[in-house]
2 protein chains.
Amino acid sequence: MQNDGSHPFVIDRLTDSPGVLRCEGHRGSAPNVRFRASLPTGRVPALSQSFPGEGGPGADMSLETIARLAGVSRSTVSRVVNDDPRVRPAVRERVRAVISDQDYHPNAAARSLASRKTRIIGLLIPGAVSFVFSDPYFPTLIQGITDACNAADLHVMLMMDPSDDPATIDRLYRRVIRGRHIDGLVIGTSMIDDPLVARMRDDRFPTVVIGRRPDEPMLSSVDIDNREAARLTVEHLIDHGHRRIGLIGGPRVVIAAQNRFDGYHDALAAAGIVADPDLVLDSDFTQSGGSAAMRHLLGAPGGPPSAVFVASDTMAAGAFTTLAEAGARVPDDIALVGFDGLERHLQTHPTLSTLAQPITGLARAAVEMLRRRIDAPEAPPVHHLLPTFLWRRGSCGCSGPAPPGSVWHPTGTVIAADVQGDPRSHAEKGGEPVHDHPALVAPV
Amino acid sequence: MQNDGSHPFVIDRLTDSPGVLRCEGHRGSAPNVRFRASLPTGRVPALSQSFPGEGGPGADMSLETIARLAGVSRSTVSRVVNDDPRVRPAVRERVRAVISDQDYHPNAAARSLASRKTRIIGLLIPGAVSFVFSDPYFPTLIQGITDACNAADLHVMLMMDPSDDPATIDRLYRRVIRGRHIDGLVIGTSMIDDPLVARMRDDRFPTVVIGRRPDEPMLSSVDIDNREAARLTVEHLIDHGHRRIGLIGGPRVVIAAQNRFDGYHDALAAAGIVADPDLVLDSDFTQSGGSAAMRHLLGAPGGPPSAVFVASDTMAAGAFTTLAEAGARVPDDIALVGFDGLERHLQTHPTLSTLAQPITGLARAAVEMLRRRIDAPEAPPVHHLLPTFLWRRGSCGCSGPAPPGSVWHPTGTVIAADVQGDPRSHAEKGGEPVHDHPALVAPV
DNA sequence: TTGTACGCGTTATCAT
DNA sequence: ATGATAACGCGTACAA
């Protein structure tokens, strides 16, 4: 069981500090022989030489080359490349043949310089959530964004806030935005007091935020109705007969977390239930945070709750393990409902009931909205809400494990297109759902 | 419990098909009033107008403008921007003042066009693993890459293979690579028969692959010694007294999975144990895959194993749930060791013993190696191995839950720098660890 | 339908 | 140390 002595080298320390990856250790058979390994990761002073293309096709190709080979002018080649109809079919074919033959691809930088478009959009993951970046929500979102961009012939520049260094953030994004590196920006999640948001608005830079920001009506946004969704979810627990219902929420700086918090209170208030403050916990969207919060709830002064609304599936997974340890049965002793609808958590026993949000849909919508915003920067901003579904399964008490092919249960959450530029949420405006936005809702 | 009728609109169907996000439903209070919502996500015919800058500072700024305002030539401004030492401090300060005053930022496209460098690197997640993209391994890797790029003043273009459409892959990456969109490429994981890898080699495009590819010695690579690490892990189980040891492996198309498979067999062979084929399962690196595999193992013809090496922590988490259902105690009935060392899985009970790999270190190393490769394209490729640690905790039988601050146990896995260009793994060359690479290992 | 000529904003090479 | 000037590769009015 003592591996240390049986192998030639033993690492005593691994330091993964900024600028250098460093290891220290000793020789297993001779402890006095020490060694140190380091891999610098700092900044290079300057770039030296350029990458030389190979000698064959594809090297040093330009419109000029293709034009010569095809016996036409640069303009004609350019038109062919850009699918300009004003080119005779015969010529087009000839040029295409040469292009394909030479494996020519237009230079992105030259294109951007001339067209003032990069066909790159930025995807920003705010720094304050980067510690929870491994929550499956973000990978799913990212995959959705990249898929949508693939379909739209766009590229994605991924930017993650280094939350530990505000100066870097500033420098980085000004470079990217002001340097015209990207045509538009998707902000992956909405946080209060996000300094970048205000700047994007001031810069009038094409931006779509995922998650509504009533404070920033001039930035397009796409979201689900977190508050209403949370209300429905808690209402469902109330319908199950629960009166003592806990909340494991996310950090309030995440606007969605605040909305879910509000929805929780809406539901209780509507049912005439007085919320027990000891049952309302702000956690951090991590699995361990969910575990810890559930431990707190089990030891609540007024006794544990009979049901808990957990504001993310990842936290719900943590809550599950705590309950398993404590020997509490789900849903008999404590019922549970999560939020997100992540496939990853369908494996719990009993299966996790959860309010499912269309993450891929949010991603697609964000990309589509951004494209329009880039094409028509002066058009008013747009705010969209996508539908959600309360997925009733085992942990809320509805039924046993759902069969693999089970269908989402509609909850009645509404697709609403806010009045353009109106920063107030749909609920705040107090009326019927707005469903006459041509792009979103059309009567059958 | 019937929410459907109590809300104004009910979504009957949500179709998230390519090209359009579509919803259908009816009015809750009037089932005959139906509506349909759709959000097109297709391709735009062409871009129309450019993004207009605002009127104040930052609009239409160029070297020329700054030069005029500072009373110098474009060249001087360019030198200041690029930290060229050949400029008088006084002038430099004056120019800097104007730049800062005008909030000027150089245009990325123009820069790239003139310098033939984009300062963007591509990060490719192969399509065959995209279904397992939400495994925390990838988010962690991505975060490491972006952090390293931030530090090096580089940007990241994220590319995810749409595995369902080979034609798109081809078109996309040729555009990106041949269009000179990026200076270099990091391939996030090594798969056998990855067509892109061969092309990168043929194009002599600066590329670093994470995960060794003995078949592609001309591409730089960074990896851990998966085979040796797996061998050590299984050896550890053997040291615990286990003889009937199962393997839940990853898909063999992932080279690392094959390596871990080999290491498993190495350990058994070294101990004179004949492997029971019924205990060796290829799974898919997902949690549900781990669950299913463990169910298979419990029903193995020769009886369940007394210990299982699970080739990823995520699968181990799945295995855990299966064991919990079956009422099997860990590690008393069945011992478990995972692979990856992901923080997310530290919450199991008992705590998961796991072979931890330095994911962030792999990311940093990849970026650093790629930078060098970009700077010196003609230098020979480099192959690095990073150290790993067997984190002995509860599930292997070593001890109870580790305290929060517990330190990684070194395993003696070696930092090795392969001889340049030598495709054979360190183990294959059969010798002592190579520890004299100047950049990696220096005696203390 | 096709070609000419200019501009995009920067870097790099010469001069001075 | 600084300034003029020529690329860089492409898009696009405008002319033909």
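Residues numbered from 1 in each chain as written. Chains lettered and ligands numbered in written order. Predicted model: local features only at pLDDT ≥ 70, side-chain atom pairs only at ≥ 80, totals over all residues. Heavy atoms only, no water.

Chemist: Explain the nonpolar core here, please?
Modeler: Where a protein is soluble and globular, its nonpolar side chains tend to be buried together. Membership of the largest hydrophobic core comes to 160 residues, with the highest contact counts inside it found for A:Ile145, A:Val222, A:Leu336, B:Ile145, B:Val222 and B:Leu336. Dropping the residues within four chain positions of it, A:Ile145 is found in contact with A:Leu123, A:Val156, A:Val186, A:Ala363 and A:Val367. Counting residues in hydrophobic clusters, the runner-up holds 36 residues, among them A:Ile187, A:Val197, B:Leu172 and B:Ile182. (Core = buried A, V, L, I, M, F, W, Y, C linked by side-chain atoms within 4.5 Å. Buried < 20%, exposed > 50% of the residue type's maximum accessible area, 1.4 Å probe, protein only. Contact = heavy atoms within 4.5 Å.)

Chemist: Would you explain the protein's contact with DNA strand D in this entry?
Modeler: For DNA strand D, the set of nearby residues contains 27 residues, the closest of which are A:Leu63, A:Tyr104, B:Ser75, B:Arg88 and B:Arg116. In the interface set of DNA strand D, defined as its atoms within 4 Å of the protein, sugar plus phosphate atoms amount to 58%. Residue A:Tyr104 places a side-chain N or O atom 2.4 Å away from a phosphate oxygen belonging to DNA strand D. Going through the elements one at a time, helix 2 (74-81) and helix 4 (108-115) of chain A together with helix 2 (74-81) and helix 4 (108-115) of chain B are the ones with two or more residues in the surface near DNA strand D. (Near = heavy atom within 4 Å. Polar contact = N/O pair within 3.5 Å; in protein donor to acceptor, adjacent residues only side chain to side chain. Helix = DSSP H or I, 4+ residues; strand = E, 2+ residues; numbered from the N terminus.)

Chemist: When you look at the protein's contact with DNA strand C in this model, what are you seeing that I'm missing?
Modeler: In the vicinity of DNA strand C, 28 residues are found, and the nearest of them are A:Ser75, A:Arg79, B:Leu63, B:Ser78 and B:Tyr104. The contact atoms of DNA strand C, taken as those within 4 Å of the protein, divide so that sugar and phosphate hold 58%. The side chain of A:Arg79 places a nitrogen or oxygen atom 2.5 Å from a base oxygen of DNA strand C. In this structure, B:Tyr104 approaches DNA strand C through a side-chain N or O atom, which is 2.3 Å from a phosphate oxygen. Elements with a contribution of two residues or more to the surface near DNA strand C: helix 2 and helix 4 of chain A together with helix 2 and helix 4 of chain B. Of all the elements, helix 4 of chain B adds the most residues to the surface near DNA strand C, at five residues. Split by residue class, the surface near DNA strand C holds 11 nonpolar, nine polar and eight charged. (Nonpolar A, V, L, I, M, F, W, Y, C, P; charged D, E, K, R; others polar.)

Chemist: Is there a simple way to explain the packing of helix 8 (residues 226-239) of chain A against helix 9 (residues 255-270) of chain A in this structure?
Modeler: In helix packing, the relevant descriptors are the interaxial angle and the interaxial distance, both defined with respect to the helix axes. All names here are of chain A. Between helix 8 and helix 9, whose axes approach to 7 Å, the crossing angle comes to 40 degrees. Here helix 9 runs oblique to helix 8, going by the angle between their axes. In this structure, the crossing between helix 8 and helix 9 has a hand that is right-handed. Each of Asn-226, Arg-227, Ala-230, Arg-231, Val-234, Glu-235 and Ile-238 in helix 8 lies in contact with helix 9, whose residues at this interface are Ala-256, Asn-259, Arg-260, Asp-262, Gly-263, Tyr-264, Asp-266, Ala-267 and Leu-268. Looking at the contact of helix 8 with helix 9 residue by residue, the class counts come to seven nonpolar, three polar and six charged. (Axes fitted to C-alpha atoms, helices over the stretch in contact; angles between N-to-C directions. Parallel < 35°, antiparallel > 145°, perpendicular 65-115°, else oblique. Left-handed = near helix turned anticlockwise from the far one by under 90°.)

Chemist: What exactly am I supposed to notice about the domain arrangement of chain A here?
Modeler: Accessible area lost upon the coming together of the parts serves often as the stated size of an interface. Residue and element names in this part refer to chain A. Segmenting chain A into domains produces domain 1 (9-114), domain 2 (120-223 + 362-382) and domain 3 (226-358 + 386-417). Contact with domain 2, which involves 17 residues of that partner, is made by 17 residues of domain 3. Both sides of the domain 2 and domain 3 interface together cover about 1300 Å² of buried area, and 60% of this is carbon and sulfur. The largest per-residue losses of area from domain 2 upon contact with domain 3 belong to Pro-136, Asp-223 and Leu-362, which jointly make up 32% of the total buried on that side. The interface formed by domain 2 and domain 3 includes six residue pairs in polar contact (both at pLDDT 80 or more). (Domains from an automatic or database assignment. Buried area = accessible area lost by both parts, 1.4 Å probe.)

Chemist: Mind showing me how you'd approach the environment of B:Val91 here?
Modeler: Residue and element names in this part refer to chain B. Examined against the element boundaries, Val-91 turns out to sit in helix 3 (residues 89-102). For Val-91 and Val-80, which are 11 residues apart along the polypeptide, the C-alpha to C-alpha distance reads 8.9 Å. Apart from the residues within four sequence positions on either side, Val-91 is in contact with Val-72 and Thr-76.

Chemist: I would appreciate a short explanation of the sheet that holds strand 12 (residues 335-340) of chain B in the present structure.
Modeler: Strand pairs in the sheet, formed through backbone hydrogen bonds, run parallel or antiparallel to each other. Residue and element names in this part refer to chain B. What the six strands build is an open sheet, ordered 10-9-11-12-13-15; its pairing is mixed. Edge strands, defined here as strands with exactly one partner in the open sheet, are strand 10 (280-282) and strand 15 (389-391). Strand after strand, the sheet turns through a mean of 15 degrees between neighbouring axes, direction not considered. Of the pairings in the sheet, the one linking strand 12 to strand 13 (residues 353-356) comprises four bridges and is parallel in character. Its bridge partner lying in strand 13, Asp-340 is registered against Ala-356. Along the sheet face, helix 9 (residues 255-270) touches strand 9 (245-249), strand 10, strand 11 (307-310) and strand 12 and points at about 170 degrees away from the line of strand 9. (Pairing = 2+ DSSP bridges.)

Chemist: When you look at helix 9 of chain B in this model, what are you seeing that I'm missing?
Modeler: All names here are of chain B. With 16 residues, helix 9 should cover 22 Å at 1.5 Å per step; its first-to-last C-alpha distance of 22 Å lies within 8% of that length. The complete set of buried residues in helix 9 reads Ile-255, Ala-256, Ala-257, Asn-259, Arg-260, Phe-261, Asp-262, Gly-263, Tyr-264, Ala-267 and Leu-268. On the buried face of helix 9, the contacting elements are helix 8 (226-239), strand 9, strand 10, strand 11 and strand 12. Looking at the residues trailing helix 9, positive phi occurs at Gly-272, about 70 degrees. (Expected span 1.5 Å × (residues − 1).)

Chemist: In this structure, what is going on with the pattern of salt bridges? I would like to understand it.
Modeler: For the structure on display, the rule yields 46 salt bridges over all chains. Of the charged contacts in the structure, one is a salt bridge between B:Arg178 and A:Asp103, with a shortest N-O distance of 2.6 Å. With one member in each of two chains, B:Arg178 in helix 6 (residues 166-178) and A:Asp103 in the loop between helix 3 (89-102) and helix 4 form a pair that bridges those chains. Exposure remark for A:Asp103: the relative accessible area of 19% places this residue in the buried category. With a shortest N-O distance of 2.6 Å, B:Asp202 and B:Arg201 are connected by a salt bridge. Taking the relative accessible area as the measure of exposure, B:Asp202 reaches 48% and is therefore partly exposed. Of the residues examined, B:Arg201 reaches a relative accessible area of 31% and is grouped as partly exposed. By sharing partners, the salt bridges in this structure join A:Asp83, A:Glu93 and A:Arg96 into a single network. (Salt bridge = Lys/Arg side-chain N within 4 Å of Asp/Glu carboxyl O.)

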